[in-house]
Amino acid sequence: MTGLTVTAENLRRSFDDPSIGEVVAVDGLSMSVRRGELTALVGPDGAGKTTLMRMFTGLLKPQSGSLSVLGVDVARDPQSVQDRISYMPQRFGLYEDLSVQENLDLYADLHGVPMDQRQERFGRMLEMTDMARFTERPAGKLSGGMKQKLGLACTLVRSPDLLLLDEPSVGVDPLSRRDLWKIVQQLVDDEGLSVIVSTAYMDEAERCAQVFVMDKGRLLAHGSPAELTARAKGLTYTAIPLSGMPARDLQARLIDARELIVDAMPQAGNARFIKQPGADEADLRDLLGEIDTEPRTEELEDAFMMLLREQEQEDGEVSVETGAVGRKQAIKDGKPVIVVRDLVRKFGDFTAVASTSFDVAQGEIFGLLGPNGAGKTTTFRMLCGLLPATSGHLEVAGRNLRTARALARARIGYVAQKFALYSNLTVRENLEFFGGAYGLRGRALKTRIREVLAQFDLDPSAQSGQLPAGFKQRLAMATGLLHQPEILFLDEPTSGIDPLARRAFWRTITALAQTGVTIIITTHFMEEAEYCDRIAIQDAGEMLIIGTPREVRAQAGDGAGQTMNDAFIAIVEQYRADSRSRQVAA
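Residues numbered from 1 in each chain as written. Predicted model: local features only at pLDDT ≥ 70, side-chain atom pairs only at ≥ 80, totals over all residues. Heavy atoms only, no water.

## Thoughts on the overall build of the chain
The helix and strand tally for the chain stands at 19 helices and 24 strands. Over its C-alpha atoms the chain spans a radius of gyration of 24 Å, differing by no more than 12% from the 25 Å that the globule rule assigns to 586 residues. Taken across its 586 residues, the chain has 54% of its residues classed as buried. Long-range contacts, defined here as pairs at least 24 residues apart, represent 70% of the contacts in the chain between residues at least 6 apart. (Helix = DSSP H or I, 4+ residues; strand = E, 2+ residues; numbered from the N terminus. Rg over C-alpha atoms; globule rule 2.2 N^0.38 Å. Buried < 20%, exposed > 50% of the residue type's maximum accessible area, 1.4 Å probe, protein only. Contact = heavy atoms within 4.5 Å.)

Below is the structure:
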């Protein structure tokens, strides 16, 4: 069919899971994707997006149904399709010991790009990704954002008829994410390239001409962003917290009232929410009390959350945002639980963190933000006691990390950016192992395992490595909270998980903070900074600003519609412009 890049009819694909049997990843799905456009696949973890992408590439064969890509039956002739497409999976395979240029050369060899075309193609890719200055740098020495851009450049060393991108911006900061999308949009505009992208970011899906919403292998809805967004028309509002009330506490109150509220999120110091279509107005007024509300313009994410909540109800699997089970309210004494003074960390001649100072109070949610390569992960690892400081004073839970690191570690919990548990063990076995490592024994260990299994809705017999990303994140959280730590360190815990799972995660964090647990978190989702009491933004090892979300937006020149994403980009770009001016003056 002319005008179509992909035509699928009743596609089905399942896999055998040793612990639970057959898992249907794509379930009778039909769709048509137009040529020369940006198309988005969105949906929660386990929706089937990656499986569908891999079928498009011919790497997986449908068990039933038909699939045509670029006019070719993929099942019959996968090689013809693979010769005309480029595919960037979630974990694109760069060779870290090779330089940027050597990676480009290697992928050009693998794709059979003629020698007389390479220089023009390389030059275009290096210009678009702004990496011409780094051709000799080893890929392993690049920041996360630069690795993603190099991965895209390697994917595009040949000029494809169709580009497939599977969550290309996971773990990438807002600046790099913006640059990545500029490149993709330029290819669509200049070359008429057809692009299919799966994404967890609804603002990315809004850039696309066509959006397909998936869940449990099925297609829930499709259309233009405007068509989908219209589903939420007249149901979206902003609630303005009373003086002294954190926006996240108001959001928690709203999101817990599932019979009245579809979804709620903190935003710009307020709480945005979606009203249930049939909500009783009197009940809604009782819920809000003296809190004022005002209508707001609906967004694609509103429609997305409505679709997922409707599907939950149809399936009879309504998710529950979880609180802090088993914790008593901590007594706050007003003293900071983390004290950082003139903290420095060097690696040889390179200064990763330069003279950083700040305090964190008990029960505070403190966000550590910055572009890839800014030094925030190094700062984070020093705070956790995983990396010694070169100089400066660092105190955690009343313990000096230079002299009492083990004692401090006993009072903290840690959730790593990447799944760091034992994939070959069951959920229960992981909890038993790590509970023992934290010093829990006997009845106390059994009680805590029972509590966190219920809190995070985990199947104790499931094999950990086979869990969807959102459930892996739940298990990591459950493990970090087993010993009921006073301080919880979270390193990009929501990277790669969908908005539905992020809501449940942050409901738990809000409940923990209310019991006095101190939370230190790094994230690339700037919307999540709105949950924090204060945030710090770093770049090139230097602390640029520390303050409440409202103070940070004001520092960035807070306009009426400015988001935290806008403020973050403005602050970092201003710092970099000032740095370049100082270098020129010197």
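## A few points about the domain arrangement of the chain
For the chain, the assigned domains are domain 1 (4-221), domain 2 (229-315) and domain 3 (340-545). On a C-alpha basis, the centres of domain 1 and domain 3 stand 31 Å from each other. Across the domain 1/domain 3 interface, buried area totals approximately 1400 Å², and carbon plus sulfur atoms make up 58% of it. When the buried surface of domain 1 facing domain 3 is broken down by residue, Asp45, Asp173 and Ala200 rank first, second and third, together holding 34% of it. Linking domain 1 with domain 3 are 0 salt bridges. Joining domain 1 to domain 3, the criterion identifies 0 residue pairs in polar contact (both at pLDDT 80 or more). For the side of domain 1 that touches domain 3, the secondary-structure elements that each account for two or more residues are α5 (144-155) and α6 (174-191). Residue contributions to the side of domain 1 that touches domain 3 peak at 3 residues, all from α6. For the side of domain 1 that touches domain 3, the class distribution of residues is 7 nonpolar, 7 polar and 4 charged. (Domains from an automatic or database assignment. Buried area = accessible area lost by both parts, 1.4 Å probe. Salt bridge = Lys/Arg side-chain N within 4 Å of Asp/Glu carboxyl O. Polar contact = N/O pair within 3.5 Å; in protein donor to acceptor, adjacent residues only side chain to side chain. Nonpolar A, V, L, I, M, F, W, Y, C, P; charged D, E, K, R; others polar.)

## Looking at the packing of α5 against α6
The geometry of α5 relative to α6 is characterised by a closest axis approach of 9 Å and an angle of 15° between their N-to-C directions. The angle between α5 and α6 falls in the class roughly parallel. Considering the relative orientation of α5 and α6, their crossing is right-handed. Between α5, through Gly145, Gln148, Lys149 and Leu152, and α6, the contact on the second element is made entirely by Ser176, Asp179, Leu180, Ile183 and Val184. Per-class residue counts for the contact of α5 with α6 are 4 nonpolar, 3 polar and 2 charged. (Axes fitted to C-alpha atoms, helices over the stretch in contact; angles between N-to-C directions. Parallel < 35°, antiparallel > 145°, perpendicular 65-115°, else oblique. Left-handed = near helix turned anticlockwise from the far one by under 90°.)

## Section: the pattern of salt bridges
For side chains bearing opposite charge, pairing can occur when the charged atoms are close. With the rule as written, the count across this model stands at 36 salt bridges. The partner of Asp203 in a salt bridge is Arg177, with the nearest N and O atoms 3.2 Å apart. In this pair, Asp203 sits in helix α7 (residues 202-205) while Arg177 sits in helix α6, placing the two residues 26 residues apart along the sequence. Put simply, Asp302 and Arg296 hold a salt bridge, and the shortest N to O gap is 3.0 Å. Exposure remark for Asp302: the relative accessible area of 1% places this residue in the buried category. Connected via shared salt-bridge partners are Arg121, Arg124, Asp190 and Glu191.

## Let's talk about the environment of Ile519
For Ile519, the position within the fold is in strand β22 (residues 518-522). A relative accessible area of 0% means that Ile519 is categorised as buried. Sequence-distant contacts of Ile519, defined by excluding residues within four places in its chain, comprise Glu364, Ile365, Phe366, Leu488, Leu490, Ile509 and Leu512.

## Concerning the pairing of strand β23 (residues 534-539)
Taken across its 6 residues, β23 has 5 buried, putting it largely inside the fold. Direction of pairing for strand β17 (residues 365-369) relative to β23: parallel, over a ladder of 4 bridges. Looking across to β23, one finds that Leu368 is bridged to Ala536. Direction of pairing for β23 relative to strand β24 (residues 542-547): antiparallel, over a ladder of 5 bridges. Its bridge partner being in β24, Gln538 is matched across the sheet by Met543. Here β23 folds back onto β24, and the loop between the two strands holds 2 residues, one of which, Ala540, carries a positive phi near 50°. (Pairing = 2+ DSSP bridges.)

## Notes on the side chain of Thr378
Mapped onto the secondary structure, Thr378 falls in helix α12 (residues 376-383). In this structure, Thr378 is in contact with Arg345, Phe347, Ala352, Val353 and Leu387, ignoring residues within four places of it in sequence.

## So, the pairing of strand β9 (residues 210-215)
The side chains of a regular strand alternate, first on one face of the sheet and then on the other. Along β9, 6 of the 6 residues are buried, which leaves the element largely enclosed by surrounding structure. Of the two faces of β9, both are covered, the one formed by Gln210, Phe212 and Met214 as well as the one formed by Val211, Val213 and Asp215. In this structure, strand β3 (residues 38-42) lies alongside β9, joined through 4 bridges in parallel fashion. Across the sheet, residue Leu41 finds its bridge partner in β9, namely Phe212. Sheet topology note: the β9/strand β10 (residues 218-223) ladder contains 5 bridges and is antiparallel. By the bridge assignment for β10, Met214 is matched with Leu219. Connecting β9 to the antiparallel partner β10 that follows it, the hairpin turn spans 2 residues, and Lys216 within it adopts a positive phi of roughly 50°.

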